[in-house]
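Notes for the structure review
Read off the chains here:
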Amino acid sequence: MTDMTAVDATLAPAAKPATRPARPFFSSGPCAKPPGWSADKLATDSLGRSHRAKIGKTRLAYSIDLMRELLNLPDTHRIGIVPGSDTGAFEMAMWTMLGARPVTTIAWESFGEGWVTDAAKQLKLDPTVIRADYGQLPDLSAVDFSNDVLFTWNGTTSGVRVPNADFIPADREGLTFADATSAVFAYDIDWAKIDVATFSWQKVLGGEGGHGVLILGPRAVERLETYTPAWPLPKVFRLVSKGKLAEGVFKGETINTPSMLAVEDAIFALEWGKSLGGSAGLIARSDANAAALGKIVAERDWLGHLAVDEASRSKTSVCLTVEGADEAFIKAFAALLEKEGAAFDIAGYRDAPAGLRIWCGATVETADIEALGPWLDWAYAQTKAAA
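Since we're looking at a predicted model, the values are computed, not measured.

1. Considering the pattern of salt bridges
Within this structure, the stated rule accounts for 18 salt bridges. A salt bridge links Glu365 to Arg285; the nearest nitrogen and oxygen atoms lie 3.0 Å apart. Residue Glu365 is found in the loop between β16 (356-359) and α8 (366-386), and its partner Arg285 is found in helix α6 (residues 279-298); the two are separated by 80 residues along the sequence. Between Glu299 and Lys295 there is a salt bridge, with its nearest N and O atoms 2.6 Å apart.

Here it is as structure tokens:
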């Protein structure tokens, strides 16, 4: 059980809940650090050294090996550490591989819409766009997999995810590109159905931002080695040399200089995940957190899930509706909880409908989710009274 920090006992009885979450970090990115994290626990021997020295390459390769183990990633898929967080990794995939076939983009929240914009306005590919409103999942049966297909596995800003990879045919002609940044380490992913996946350490692992992870299946490698885009590629996007995949990128030889401190921070989180039993342990923690928050929502008439269909509801970035709330109400609500040190960064994404967004990934403690419920009641009553 997580220890709770007692609220000031001088307050009027029942004015505020008796306990606060011990770790009130519910941001959907950067996310809470793993329990027990502190900066002095990070290995520092690689700092101040070249990332191309033996120690730097060894630590980068070790982080890749840990990710492969925790993700249960088959040997057929390669893992590379690239610049620009998840956005950089996904852009790299788009710019290096799209254009060989028609493109379909699936969008039901802001990041999916970002890939629509890039495919249409930057790469000028005239993509087929399949959309749904916030809180809904598009009709996945309408997707033509003779096209290259872009989608977010877990829509961080809408709290809507694909239930699984069953909608992707094994005999597809096009490539599948999955922005999986708030999905990896929280769901079982059928890697045979995914040709390209991207994520960043700062989501489910609670790592530092700035670096992306690019996963390539064999069909993606074939595309890279047999297709040359019509547009020029900046140096940080180049994954091919003399017609062959730059294999060093997927062995820890990064394209540009990485932050070895961020790498060590990611290694700490990965080793923590391994100590829990790997992917199964991390998934179990996310499941428990989502269930605890679901209970809180079910017990309150004024709270609801933006994603109504439980089968496609996120278990990491859980987005909630608040009865009668507009943007100003949510801003005041979240600010009140932050001032009290009861919950940080729980206002919904700026482009999403007004509401709350509470991270339930593995680095959050279930006891802290449970302790959050009474504080939500208190903040709702306070904000409503002041409106």
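2. Details of the sheet that holds strand β10 (residues 196-200)
Taken in spatial order, the seven strands make up an open sheet running β3-β11-β10-β9-β6-β4-β5, and their pairing is mixed. Lying at the two open borders of the sheet, with one neighbouring strand each, are β3 (78-83) and β5 (128-131). With strand direction ignored, the average angle separating the axes of adjacent strands in the sheet is 20 degrees. Relative to strand β11 (residues 211-216), β10 is paired through five bridges, and the arrangement is antiparallel. Its bridge partner lying in β11, Ala197 is registered against Ile215.

3. Details of the UniProt feature "domain: Aminotransferase class V" (unreviewed entry) in the protein
The positions UniProt marks with the feature "domain: Aminotransferase class V" (unreviewed entry) are residues 149-343. Measuring from the first to the last C-alpha atom of residues 149-343 gives 37 Å, for a span that is 30% helix and 18% strand.

4. A look at the domain arrangement of the protein
When the domains of the protein are assigned, the result is domain 1 (44-274) and domain 2 (279-386). On a C-alpha basis, the centroid separation for the pair domain 1 and domain 2 is 28 Å. Taken together, the 27 residues of domain 1 in the interface contact 25 residues of domain 2. Between domain 1 and domain 2 the total buried area reaches about 2100 Å² when both faces are included, carbon and sulfur atoms providing 61% of it. Considering only the side of domain 1, the residues that lose the most area to domain 2 are Tyr134, Arg161 and Trp272, jointly responsible for 23% of the buried surface there. Between the two partners, domain 1 and domain 2, sit zero salt bridges. Our count for the contact surface shared by domain 1 and domain 2 stands at nine residue pairs in polar contact (both at pLDDT 80 or more). Secondary structure elements with two or more residues in the side of domain 1 that touches domain 2: α3 (110-122), β7 (154-155), β8 (160-161) and α5 (260-275).

Cut-off values and rules
- Residues numbered from 1 in each chain as written.
- Predicted model: local features only at pLDDT ≥ 70, side-chain atom pairs only at ≥ 80, totals over all residues.
- Heavy atoms only, no water.
- Salt bridge = Lys/Arg side-chain N within 4 Å of Asp/Glu carboxyl O.
- Helix = DSSP H or I, 4+ residues; strand = E, 2+ residues; numbered from the N terminus.
- Pairing = 2+ DSSP bridges.
- Axes fitted to C-alpha atoms, helices over the stretch in contact; angles between N-to-C directions.
- UniProt positions renumbered as here; feature names shortened; annotations may be inferred.
- Domains from an automatic or database assignment.
- Contact = heavy atoms within 4.5 Å.
- Buried area = accessible area lost by both parts, 1.4 Å probe.
- Polar contact = N/O pair within 3.5 Å; in protein donor to acceptor, adjacent residues only side chain to side chain.

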